[in-house]
Amino acid sequence: MCESYTVTSVSTTPYDDQKPGTSGLRKPTQVFLTKTNYTENFIQSIMTVIKPSEDCVLVVGGDGRYFMKEAVRVIVKVAAANGVRRLIIGQNGLLSTPAVSCIIRKYSATGGIILTASHNPGGPNADFGIKYNISNGGPAPSKVTDAIYEVSKQLNTYDICKDLEIDISTIGHQSFCIGENKRKVDIDVISSVADYLTLMKDIFDFPALKNYIHDKKLKLRFDALHGVIGPYAKSVLCDELGCSQDSLAHCVPKEDFGGSHPDPNLTYARDLVQEMEKGVHDFGAAFDGDGDRNMLIGKNGFYVSPCDSLAIIANNYEAIPYFRKNGLKGVARSMPTSGALDRVAAKLQKSMYETPTGWKFFGNLMDAGQLSLCGEESFGTGSDHIREKDGLWAALAWLSILMHANADVEQVVKQHWREFGRNCFTRYDYEQVDVVAANNVMSGLKAYVENQSLLNTEHTSQSHTFVIKTFDDFEYTDPIDQSVAKNQGVRIIFGDGSRVIFRLSGTGSSGATIRMYIDSYISSDAENLEASAEEALKPLVEVALRLSKIPQFTGREAPTVIT
Ligand code: VG1
Ligand code: CO
């Protein structure tokens, strides 16, 4: 006998703002709290699009932020009413984004719903988010998110099992009977960490890493910024690799991430940088709220740019058992990510793909067996072991490289520059800019794309002269399904290979965020190879600001964040 629940159809009013951005629907938490049925509507829209069949299995979990548990409750009730056969839920609702991807693939699930606004702050006065992933474990492609959005704009009713309440705090199995024909729904609450840990042990040589850390007396510091990675970091570092508990910083997930941004960059993960600067720890890593991003820091605070990190992992792929076994099929980077990877791909004679911003664009290539390793400048690195970027994976990849090279972080990075030259990279973010001003910046740039009047013109700053060779709006045709993504960022490429890119963020929850990306190449024999990247980038930054007129249009003298 199983407990029975009835399905109620509730009438509702559609919303016109439930359009998923670069990575899911992200809004101020207040929107979810105060707009009637806002969550129910969106979950119903997902259900209407995926049309759960009798073998539909969904994975559900999130980064622990405020409102997550409430959202899990809603998902259980609406999914059960819509015919989902089985739900796999992380204990207490906690699952990192990479873990969701891993679990979808491992159990051949139909998809998953991830409750996170990733690196955006959390709490009643910050952000919440909901993201749908498909059966390959990756973020839903645009055709799916567009369909969800279309449904959401016309939704008049949602189905719900109002009284179905489940316990998500205890690992175990529960079954319920739904509706008149007693359709069965199975709910499995699983360990947040176990499946992901098994996968990591498959990819990396844990016993060797443990010995290496022990023999070299390495001191590690992993900072979870109070996001979901805490329990994963504890399990991997302390329980498996034998590190002491003081390797863990901010590793207890909090609903408001302790009041700060769970964003692993030099600004918001300042604490880690300061700790590393003391010279006590050998290797440090910080992760974002949902655990898919990583920032890596070496001894004495040596910073590894995410673009370099990707290129260095590619060049050292044989240090990672998974790649040794499966080979490196091809590599990819998002368009604004620096060209450091391109140089490695050329040396290794591997295919290199340049995709629009957002992890969903890597999925098809991976599914087709053409892509093994990819990354984004936004502190995202990953491989085809799952279909999301993976913060902890990146840290373990680096540990494997350090072990293989028997060198420290700084030595590995500098050796790479000496071999390939150095792509200095920076990103300026202008957050919460007036939407009209942001659009003016972009239309000004697009006018240049239209009329091509700046082609071959010279732009000088601090005795550097840059000649514009390409001024375009990036467009991408997926090599696998031929789908086309237009308007993916205005790109200016100069004669020396340096690049400047402008685009508007698709993950903010209010106002507009302008991102300006600068990628400037220093050849391996240059005197300033190891000098400060900031200095090296100055001339190009100045040219970029002049061309885009960001200060004039936005009234901002300086960006909100520089990474
Ligand atoms: C940003 C980054 C992008 C990343 C996305 C999701 O998008 O630039 O590279 O894939 O966030 O990351 P946008 O549209 O704001 O530039 V996560 O860790 O927030 O899911
Ligand atoms: Co994230």
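Residues numbered from 1 in each chain as written. Chains lettered and ligands numbered in written order. Predicted model: local features only at pLDDT ≥ 70, side-chain atom pairs only at ≥ 80, totals over all residues. Heavy atoms only, no water.

(A) Structural view of the overall build of the protein chain. Within the protein chain, the secondary structure is distributed over 18 helices and 28 strands. Along the longest, intermediate and shortest principal axes, the C-alpha atoms of the protein chain span 80 × 60 × 40 Å. Burial analysis of the protein chain (563 residues in total) assigns 60% to the buried set. Taking as baseline every contact in the protein chain between residues at least 6 positions apart, the subset at least 24 positions apart corresponds to 71%. Within the structure as shown, the protein chain displays about 21100 Å² of accessible surface, and the carbon and sulfur contribution to it stands at 47%. Counting 57 positive and 68 negative side-chain charges, the protein chain places the averaged centre of each group 2 Å from the other. (Helix = DSSP H or I, 4+ residues; strand = E, 2+ residues; numbered from the N terminus. Buried < 20%, exposed > 50% of the residue type's maximum accessible area, 1.4 Å probe, protein only. Contact = heavy atoms within 4.5 Å. Areas by Shrake-Rupley, 256 points an atom, 1.4 Å probe, with all protein chains shown as cover. Lys, Arg positive; Asp, Glu negative; His and termini not counted. Charge placed at Lys NZ, Arg CZ, Asp CG, Glu CD.)

(B) Quick look at the sheet that holds strand β16 (residues 330–334). What the four strands build is an open sheet, ordered β17-β16-β18-β19; its pairing is mixed. Sheet topology places β17 (351–355) and β19 (380–383) at the edges, where each strand pairs with a single neighbour. The average angle at which neighbouring strand axes cross in this sheet is 15°, direction not considered. Pairing of β16 with β17 involves five bridges; the strand directions are parallel. For A332, the partnering residue across the bridge sits in β17 and is Y353. Packing against the sheet, helix α10 (residues 306–315) makes contact with β16, β18 (373–376) and β19, and its axis sits at approximately 175° to β18. Helix α12 (residues 340–348) contacts β16 and β17 of the sheet and is inclined by roughly 165° relative to β16. (Pairing = 2+ DSSP bridges. Axes fitted to C-alpha atoms, helices over the stretch in contact; angles between N-to-C directions.)

(C) The pattern of salt bridges, seen in detail. All chains considered together, the criterion is met by 35 salt bridges. With a shortest N-O distance of 3.0 Å, E419 and K347 are connected by a salt bridge. Pair noted here: E419 is in helix α15 (residues 409–420) and K347 is in helix α12, with a separation of 72 residues, a long-range link. With a relative accessible area of 43%, K347 lands in the partly exposed category. (Salt bridge = Lys/Arg side-chain N within 4 Å of Asp/Glu carboxyl O.)

(D) Looking closely at the coordination of the cobalt ion (ligand 2). For the cobalt ion (ligand 2), the full set of protein donor atoms is S118 (OG), D288 (OD), D290 (OD) and D292 (OD), at a range of 1.9 to 2.1 Å. Sequence spacing of the donor residues for the cobalt ion (ligand 2), all on one chain, is S-x169-D-x1-D-x1-D. (Donors = N, O, S within 2.8 Å, 3.2 Å for Na, K, Ca; no water.)

(E) Representation of the site of ligand 1. The environment of ligand 1 is made up of 19 residues, and the closest members are T22, S118, H119, T507 and R515. Contact distances for ligand 1 include 2.6 Å between an oxygen atom and a side-chain N or O atom of S378. A distance of 2.9 Å separates an oxygen atom of ligand 1 from a polar side-chain atom of K389. Considering only residue class, the shell around ligand 1 consists of no nonpolar, 10 polar and nine charged. (Near = heavy atom within 4 Å. Polar contact = N/O pair within 3.5 Å; in protein donor to acceptor, adjacent residues only side chain to side chain. Nonpolar A, V, L, I, M, F, W, Y, C, P; charged D, E, K, R; others polar.)

(F) Region of the structure containing the packing of aromatic side chains. Inspection of every chain in the model, using the stated rule, returns 17 aromatic pairs. A ring pair is formed by F32 and F67, whose centres lie 6.0 Å apart and whose planes are at 45°; its orientation type is tilted. Separated by 35 residues along the polypeptide, F32 in helix α1 (residues 29–34) and F67 in the loop between β4 (57–62) and α3 (68–81) bring together distant segments of the chain. Judged by centre distance (6.3 Å) and plane angle (80°), the ring pair of F323 and W393 falls under edge-to-face. Remark: W393 occurs in helix α14 (residues 391–405) and F323 occurs in helix α11 (residues 321–326); sequence separation between them is 70 residues. By relative accessible area, which is 1% here, F323 ends up buried. Feature note: the residues Y15, F32, Y38, F67 and F128 constitute an aromatic cluster, connected by ring pairs. (Phe/Tyr/Trp six-rings, centres within 6.5 Å; stacked < 30°, edge-to-face > 60°.)

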